[in-house]
Structures are given as C-alpha cells and as structure tokens.
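# Structural overview
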Amino acid sequence: MLEAYPQNRLARIVLWSFAALVMAFLMLPTLVVVPLSFSASNLLEFPPHAYSLRWYENFFGSATWMAALRTSLTLGTLTALIAVPFALLSCISMNRLGGKTAATIQSVLLTPSITPGILLAIGLFFVLAAQRLVGTLFGVLVGHVVLAVPVACIVLLPALARFDWNQVQAARSLGANWARAIGGIIVPQLQISLLSATLMAFLTSLDESVISIFLASGRNSTMPKLMFLSLRDQIDPTIAAISTLWTVIVVVVVLIVALRQKS
Amino acid sequence: MKSLPITIDSVSRAYGSYVALDDVSLDIQAGEFLTLLGPSGSGKTTLLMALAGFVRPDSGKLLLGDRDITRLAPNKRDIGIVFQNYALFPYMNVLANVAYPLALRKTPRAEARQRALAALARVKLDGLAERNVAALSGGQRQRVALARAIVFEPRVMLMDEPLSALDKNLRETMQYEIRRLHDDLAITTIYVTHDQREALIMSDRIAVMNSGRIQQIDTPQRIYDRPSTRFVAEFMGEANIVAPGSVRRIDGAEASRETLMIRAESFHLDAKLVGEDGVALEGILRAKAFRGENWLLTLALDGGQEVLVCIPAALASGCAKLAAGQRMTAYAPAAKVHAIPGAMA
Amino acid sequence: MTVTPDPALVADARRERRFFLSLSLPALFIVGLAAILPILWIIRQSFLTTGGEYTVGNYAKVLSSGLTWSALVTTLELSLGTLAICILLGTPLALALASARPRVANVLMAFVMLPLWTAILVRTYGWLVLLRRDGLINAALTGSGLTAEPLPLVYNFTGTLIGMVHYMLPLFLLPVYAAMRDIDPNLIRAAASMGATLGQVIRTVIMPLSAGGIFSGSIIVLIYSIGFFITPAVLGGGKVNPLSTRIERTLSTFQDWGSASVLGILLLVLMALIGVMLLAARRLLAQNTVEASAHA
C-alpha cells in the first residue's frame, strides 16, 4: 500500500517497530503460560529452574477439574448441536426474505451478543430462580445457544450467499420438496461451513464465562467458572497447565477451520 | 410421453414500480418449439420462471393442458428446466445428477440407472456416467443438464439462455442438437434467448418481448420480413425505418404513404435487379466499410436521414470505387419493402 | 399500468413469506427465552422488595448511594480509557499490516488474532502472571535495576485497563484493518504523483478512508467495554468496581436482587445513551463526508 514511498525508510522502521511491540503485547500473556505449565516449582518463576509434568498430572488427577471438563465439553457439544441447525434455518430464512426483514432478524439475533454478559446472567438467574431451576445446566445451555447462534450465522450467511440458489430451484423443478431441497442440496454443499460453524459454536460455549459463573454451580461448574474461582483465591500453576492445553486445542481447531475454509 | 400445450393468460408481475410482465397472453401448442426473444430486462426470463413456479405472478393464469398450474408448487409441475448456469449438483457425479429426479420419484434403482443411462446416451454422453461434474467441459455440462431435464419425461421443457456460456462453434452445434432432441421427443419447449440468430435458427415460432410485453409472435420468417413494430424490426437485424417522403417508385407510380422498413441487405445498386415495382432511395454516400462477405454503405437521404445499405461482396464490384460525398441511388424490390403501421420514422 | 393482483396469488405469496419467516422462529425463540425474557425480568425485579411487593425503594436506594456514582465513573473511565488506547495502538498496527504484502499480512493477522481465540480466563491468568508484584515484569524491572521497588501493576486500575485493552484491541483492529485493506492503491499512487508526502497521504487519503473502520471499531470497543466483567473482577482485585462488578457484589454478597436489578437497568440506560450518541455521531460523520466531497 505504501510502496509509492520507498524512500521513507525511517518512517517504515518506526511504524514496524511500533507494530512489533503491539503484537508482542497481544501475544505475550498467551505465550507466557506455556513454560510455566512445565515448571517443577510451586512458585511462578520464569524461566523455571526445573521442568516437570506435575501440574498436568494435578489437573488430570483432580476429580473437580475433570468434572468441570466433562461439563464444559458436554455443554459445548449440546450448544453446537442446537445452535448450528437453528442458525442454518435462520440464515436460509434471511437469505430468501432479504431486505428489511432479513436485516431485522439479523439484528434481533445479534442483540444478545452485544448485551453485557452480566445482564444476561442475572436476568437468567432471576428467571431460573422463579422456575426453581438454578444450579441446573438448562439456563447455561440456553444462554450459550443464544450467544452461539450469531457466531454460527457469521460463518453460514456468506456461505449461503455464495451458494448457487439455481441448484435448489433445479431440485425443486425436478420434484424435490423443501425438506429434501434443504437436506439434500444445501446441507451437503455447506459441509465445510457447517463444520466451521459447529466448531465456532463449540468454542463460544467453551469460552463463555459470565453466564457460567452465575448459573453453573456445584458439580455443574464449568471450566471457566472453576478457573475464575481459583484465580480469585490463589494462583496455582495447574491453571497454567490448563491454559496451555486449552490454547493448544483452540489453535488446532482454528487451524482446522482456516485450512478447511481455504481448500 | 404426450406433450401438452401451454396457455399463458393475462399474466402480470411487478416489482415495486418496475413492471416485469405486463398482461402477457400466449398460447403454445403441444410439441411446439417457441422462443422468447428480447433484450435483457424485457421480461422473458421472468415469464419462464413464472411457468417454472419460481416467480409468482400478481395476476393471470398459467395452464398446462387444461390444468391450472398458477398456484402449483414447482416440485409438482413436472416441467424440465435447463438453467443458464446448468445448476448441476457439484457433489454428485453425472449419473447421480441425471438420476436425481427419478430417485425423488422413488423409481427402483435398477430402472432409474437404466433410464439415466438412456438419457445420457440421447445427449451423446455415453461413458461419462461416473465422471465428476467438475471434470466436465462446458458443453458436456450442458448435455448433462439436458439429460437431467428430460429423464423424468416431463410434458414441457423450459430453457433459460442455455447456450450463452458456450463459445460460438459449440453454440452452433448445440443449437442443432437441442432442436433435434426436441424433434425426437416432440416435447413442448419454451426457449429463452437474447440472440436473434439463435431464435431464427431454432424456433417454430418466436415471441419478441420488450418492457414486459409481447411485441409480436410469429414464424421466424414473418418476424424477420414483416415486423409489426419498429422495435421488432430493429431488434431482428439491420433495419432502416424510412419516412414516406424519402422513397420513390421506380416505375413512377405513387409511393406508399406509410412508414417503411427496408433491411440493409435488401438493397441493390443496380435497378435491373429490383423490378419495375421496386423503390429507389437517393442520397449522398457518407461512409463505406468492407466487412468481408459484404460492403456496408451509409447513405444520407435528401431529408437528412441516414440509411444503411448492405451489398454482398459478389455483387459489389463497383463499391471499391465509390467515394464519400458522391451522389448515388439504392434500389429495393417491392417484396422487401414492408410498411409498419403507426410507426413514425 | 395498474394490475389488480389476484387475491389467491397474493395469499400464496404471503404463505411463502411466512414459510421462510418460520425458519427463523427457533433462533428467535431462543433469543426471546435467553435474552428478552431475562431483561424484562430484571426490569420487573427492580420494582420488587425482597418480600415480592411492589416498590420504587430500590431506585431510591441505589441512586442515592455514592457507590453507584463512583461505579458509573469507573465504568466510563475504563471504557473511554480502553477506547483511547485501542485507537492509539491499533491504528498504526492496522496501517503496518495493511501495507504489508498479503501473504505476510495474513500470517501476522493470524498471530494478532491469537488472543481473540484464547479463552478470556487464560489471558487473564497470563496477565496476572506477568503483572503481579512477584510477576515477570516486576522481576525484570527490579532485576535489571530499572526500578528499586516492584511497581503496583495489577489489582488496580492500571492492571484492569491493560487487561481490557488486550481483550478489545483485536476486535478494534479487524474493521480498521479491513477498511485500510480496501483502499485502492491507485489512490495513494495518484496522491504521490501529485506530490503528496507520506505524512500528507496518511492524513488526506488513508485516514479519511479508514474513518468508517475506526468508527466501527470504536463502537465495538465501547459496547463490549461498558458491561465487561471478568477483567475488572480478577485484575481489579476488588479495588476497581465498575457497574458490572458492583452488580455481582450486590447480588452475591448482599443478596439484594432489587438493587442489583436497578444497577443492571442503569447499565442498559448507559448503553442506550451511548448507542444514541454513536448514531448521531455517525450521521454527522456521513454529513461531513458528503459536504467535503461536495466542496471538492
């Protein structure tokens, strides 16, 4: 973009040094936990004097953490399984209706994700309290689904826009009803986008913290809730091990999505 | 398989203030090959999509045989459609694409396979059944789309500019083959194109459309030689619309008082080739251009109007010597002079 | 031309629209259940005593409390501070990335987006490790002799701000980078050919054309900052209390549902106010652009 100014070397150096610093700022907290997780010591020394896997053993050996892991994975899976079909249907609806109606639907679907989590959390808490459902996973699940639907839509809407609607018309003219046209023509061709949407919805649930902190309790605690509690109490390198594992999983998932999207 | 006639009865469709179809009525006979011809935005594709069931008319009726299909869902109409971009299913192979409508109709697998293969053979694609759709050339995809549209023996076939994506040579081959397929199956076909040559070559009848209306519907020859409106005359080729006063009869009889249409290629430079009842136009040569098979001369009539004159190269020995600014006369035989009622030049 | 539409066909058209509309129902139902109903419930709760009777006492109590107003101030300080730093850090970074070759830019963007994909609690933990009294940054500072005493970097406003900027910066960067990438390079070449210096090009070509992206990014930052909870709760160490943590404390520690609801409504009102201001600002921005181009 700035190749019209090859002579401004100094400006370029200043700009890129600044950019490098900002990028370091962005990556530092994610990367710093990795060596700590392999430390043999209780202290947060950097670089660690000795290395071990004791914090990983600690994590996998803890019934509490394992229960939270199971809860989070179950919640993420259920969220994705509900949110993605809902999102697909809405996207087809928006794609076909177009204009103001589609824009309205889209902004309604987006509203929960710009509403502060704390409001959704206490509101859901009140609603659940009135139904005597506090402590069950139901509230967390609907909360996660409502946040995952727009995320899935972000992936699916452009994919549908690229989709050649003539194929649906062709299928219809050849005798297919709507259910067959959606299930037999649209779904197989959106496979990659549907997979991406599923993974993103899963990650959205996995990472969601505020609703979990307020609504998930006891043996229904999620990973973010337990991490939040332990960060408030004391800093234990077990969290570093969990963070490292988590980041690795996320990076792998994002890479899968990115590579699949490209091919 | 018995093909059916189609009746389009006062169909209208507006998008906001834009009128796509303006009270269109049209009868298509069973087994006929009818072309909807017009520029883009003339309503021809909208009319086709209304027949297919993808565009809902605001008013009017569509009949297939005696059956009213105006409100019938597209998947219940049994109409074969070839889309402009073919709309093949990319994740199915050729055979699966062609067998798809049969699978929807719960045809037994073996029979479906056999019928699909027969349809592929009909469009000369034997041996490509297992091929991936992505591996096909444009012409082959066109044939797969044709096979898929005929395999379930629809009573009517609709084609939306099916050849527009192909190069010129392939297009000419396919024009011939689509017409042959129509003749073999004797299936009522409505074909949409904006290419007037294609329409002339392929059709039993042509309906010329403009601004959502049918301007004229007739055989290709009559559409070309006897256009009923100025729009049709000009859309079908190099037409000169000449005001009554600019023309005189060669035999001195009184000339017509109507606006006349004379095609550029109807002219001769030699009065003897035209006959006594022909007409003569006099003017000054403005420009000339050699176009290979013919010469194109631009003649400015005394009234100031410009007329295009096209002389076949074989008869144009004198053309090379003509110079701009020179006064000259062009002649046209009476049979090629067509009055357009009501059209002012 | 006037056509009288066939009522049966009009009904069919409506039915088809309803069919497509109905495909959105499941998702809209979830929004109703998990977002709209809870918000309405907060409004209801704000008018109820602990015994369940109707009252406006909650409002009186919350609005007369000094804690509420200091929470409001903290909320604004944190949000606007975060926004200011995001603009200062993010705009030059976006410019650098947009000026890089596409391949390089894509790789760098992936790194920039890494925090966006890292779980919020993982990042918060990372900052704790870095910023604590015995954390890495203080160890480096005192170890190298730059400071004698460890600096108070966390469990205060500074730490909260650092954490929030870290969360918001990638969100801010995305629209700004997209806007800068979309600039036609020929515009810059044209400006250069007419004698503009690099600084002039940035000021007169790049900035006006990225203004829309910076504006979108700012909206995103403000919307997410105002109700942000995790970072103040952990990195603030109880000393930094915007509305969000005040709501949590009122609810969890004091079990005062009514007051927590009033604070929630305050947060909603604040968001609405900022929304209105942003809309007005966008209208003004659009007008200025039109006028500027009319003068040009």
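Sequence positions are assigned chain by chain, starting from 1 and proceeding in written order. Chain letters start at A and ligand numbers start at 1, both assigned in the order the entries are written. Side-chain atom pairs in this predicted model are given and counted only at pLDDT of 80 or more, local residue features only at pLDDT of at least 70, and totals for whole chains, interfaces and linings cover all residues.

You'll find chain B entered in an unreviewed UniProt entry as ABC transporter ATP-binding protein, with Mesorhizobium wenxiniae given as the organism. Per UniProt, the comment on chain B under Sequence similarities (unreviewed entry) is "Belongs to the ABC transporter superfamily." UniProt positions are given in the numbering used here, feature names are shortened, and annotations may be inferred rather than shown by experiment.

Going by the annotation in an unreviewed UniProt entry, the name recorded for chain A is ABC transporter permease, with Mesorhizobium wenxiniae given as the source organism.

Of the regular secondary structure elements, chain A holds twelve helices and zero strands. Mapped in sequence order, the helices and strands of chain A form the string α-α-α-α-α-α-α-α-α-α-α-α. Over its C-alpha trace chain A gives a radius of gyration of 23 Å, far above what one expects of a compact globule, namely 18 Å for 263 residues. Dimensions along the principal axes, computed over C-alpha positions, put chain A at roughly 70 × 70 × 30 Å. The buried share of chain A, reckoned over its 263 residues, is 47%. For chain A, the share of sequence-separated contacts (at least 6 apart) that also reach a separation of at least 24 residues comes to 71%. Only DSSP runs of H or I covering at least 4 residues are called helices, and only runs of E covering at least 2 are called strands; the numbering of each starts at the N terminus. What the globule rule says is 2.2 Å times the number of residues to the power 0.38, and the radius of gyration is computed from C-alpha atoms. Each residue is classed by its C-beta neighbour count within 10 Å, where at least 20 other C-beta atoms makes it buried, 12 or fewer makes it exposed, and intermediate counts make it partly exposed; the C-beta atoms are placed from backbone geometry. Note on contacts: residues are paired as contacts if their backbone-placed C-beta atoms lie within 7 Å.

What follows is about the interface of chain B and chain A. Every contact between the two is made by 18 residues of chain B and, on the other side, 15 residues of chain A. It is helix α2 (residues 94-104) of chain B that contributes the most residues to the side of chain B that touches chain A, three residues altogether. For this classification, Asp, Glu, Lys and Arg are treated as charged, while Ala, Val, Leu, Ile, Met, Phe, Trp, Tyr, Cys and Pro are nonpolar and the rest, including Gly, are polar. Across the side of chain B that touches chain A, the residue classes break down as 14 nonpolar, two polar and two charged.

Moving on, we come to the UniProt feature "domain: ABC transmembrane type-1" (unreviewed entry) in chain A. Feature annotation in UniProt places "domain: ABC transmembrane type-1" (unreviewed entry) on residues 69-257 of chain A, given in this structure's numbering. Across residues 69-257 of chain A, the secondary structure splits into 85% helix and 0% strand, with the terminal C-alpha atoms separated by 23 Å.

Attention shifts here to the sheet that holds strand β8 (residues 188-193) of chain B. All names here are of chain B. Any two strands between which DSSP finds at least two bridges are classified as paired. The strand order β6-β7-β8-β3-β9-β10 describes an open sheet built from six strands, whose pairing is mixed. Looking at which strands have only one partner, the edges of the open sheet turn out to be β6 (79-82) and β10 (213-218). When the angles between neighbouring strand axes are averaged without regard to direction, this sheet yields 20°. Two elements, strand β7 (residues 156-160) and β8, share five bridges in a ladder whose sense is parallel. Bridge pairing links Met157 to Thr189 in β8. The angle between two axes is taken between their N-to-C directions and runs from 0 to 180 degrees, where each axis is a line fitted to C-alpha atoms and a helix contributes only its stretch in contact.

With that settled, the discussion passes to the domain arrangement of chain B. Residues and elements named next belong to chain B. The split of the chain into domains comes from an automatic or database domain assignment. Looking at chain B, the domain boundaries give domain 1 (6-235) and domain 2 (239-339). Here the C-alpha centroids of domain 1 and domain 2 sit 40 Å apart. Tallying the contact residues gives six residues for domain 1 and four residues for domain 2. Here the side of domain 1 that touches domain 2 gets three residues from one element, more than from any other, and that element is helix α8 (residues 230-235). The class makeup of the residues in the side of domain 1 that touches domain 2 is two nonpolar, no polar and four charged.

Residue and element names in this part refer to chain A. If you check UniProt for "transmembrane region" (unreviewed entry), the listed places come out as residues 12-38, 73-95, 107-130, 136-160, 181-203 and 239-259 in our numbering. Taken end to end, residues 12-38 has its terminal C-alpha atoms 39 Å apart, with 96% of it in helix and 0% in strand. The span residues 181-203 is 96% helix and 0% strand, and its two end C-alpha atoms sit 30 Å from each other.

Further remarks concern the pairing of β8 of chain B. Residues and elements named next belong to chain B. With respect to burial, β8 is a largely interior element, six of its six residues being buried. Every second residue of β8 is oriented toward a common face, with Thr188, Ile190 and Val192 on one face and Thr189, Tyr191 and Thr193 on the other, all of them buried. Both strand β3 (residues 33-37) and β8 contribute to a ladder of five bridges, which runs parallel. Residue pairing across strands places Leu34 opposite Ile190, the latter belonging to β8. A crossover connection joins β7 to the parallel β8 through helix α5 (residues 168-185); in handedness this β-α-β unit is right-handed. Here a crossover is taken to be right-handed if, once the strands point away from the viewer, the path from the first strand over the helix to the second is traced clockwise.

A few words now on the environment of Gly65 of chain B. Residue and element names in this part refer to chain B. Note on placement: Gly65 falls in the loop between β4 (59-64) and β5 (67-68). Residues Gly65 and Ala300 lie 235 residues apart in sequence; the distance between their C-alpha atoms is 53 Å. Once residues within four sequence positions are removed from consideration, Gly65 is found in contact with Leu4 and Pro5.

Annotation from UniProt places "domain: ABC transporter" (unreviewed entry) at residues 6-236 of chain B. Summarising residues 6-236 of chain B: 36% helix, 26% strand, and an end-to-end C-alpha distance of 25 Å.

Taking 1.5 Å of rise per residue, 16 residues should cover 22 Å, and helix α5 (residues 102-117) of chain C covers 22 Å from first to last C-alpha, within 8% of that figure. Two axes define the bend at a residue: one fitted to the seven residues ending there, one fitted to the seven starting there, and the bend is the angle between them. Along α5 of chain C, the sharpest change in direction is near 25° and occurs at Phe111 of chain C; proline Pro115 of chain C comes one to four residues later. Take the residue count of a helix, subtract one, and multiply by 1.5 Å to get its expected span.

Summing up the model confidence of chain B, the mean pLDDT is 89 and the portion of residues at 70 or higher is 99%. The complex model carries a pTM of 0.82, and its ipTM stands at 0.88. Each residue carries a pLDDT score, the predictor's confidence in it, ranging from 0 to 100.

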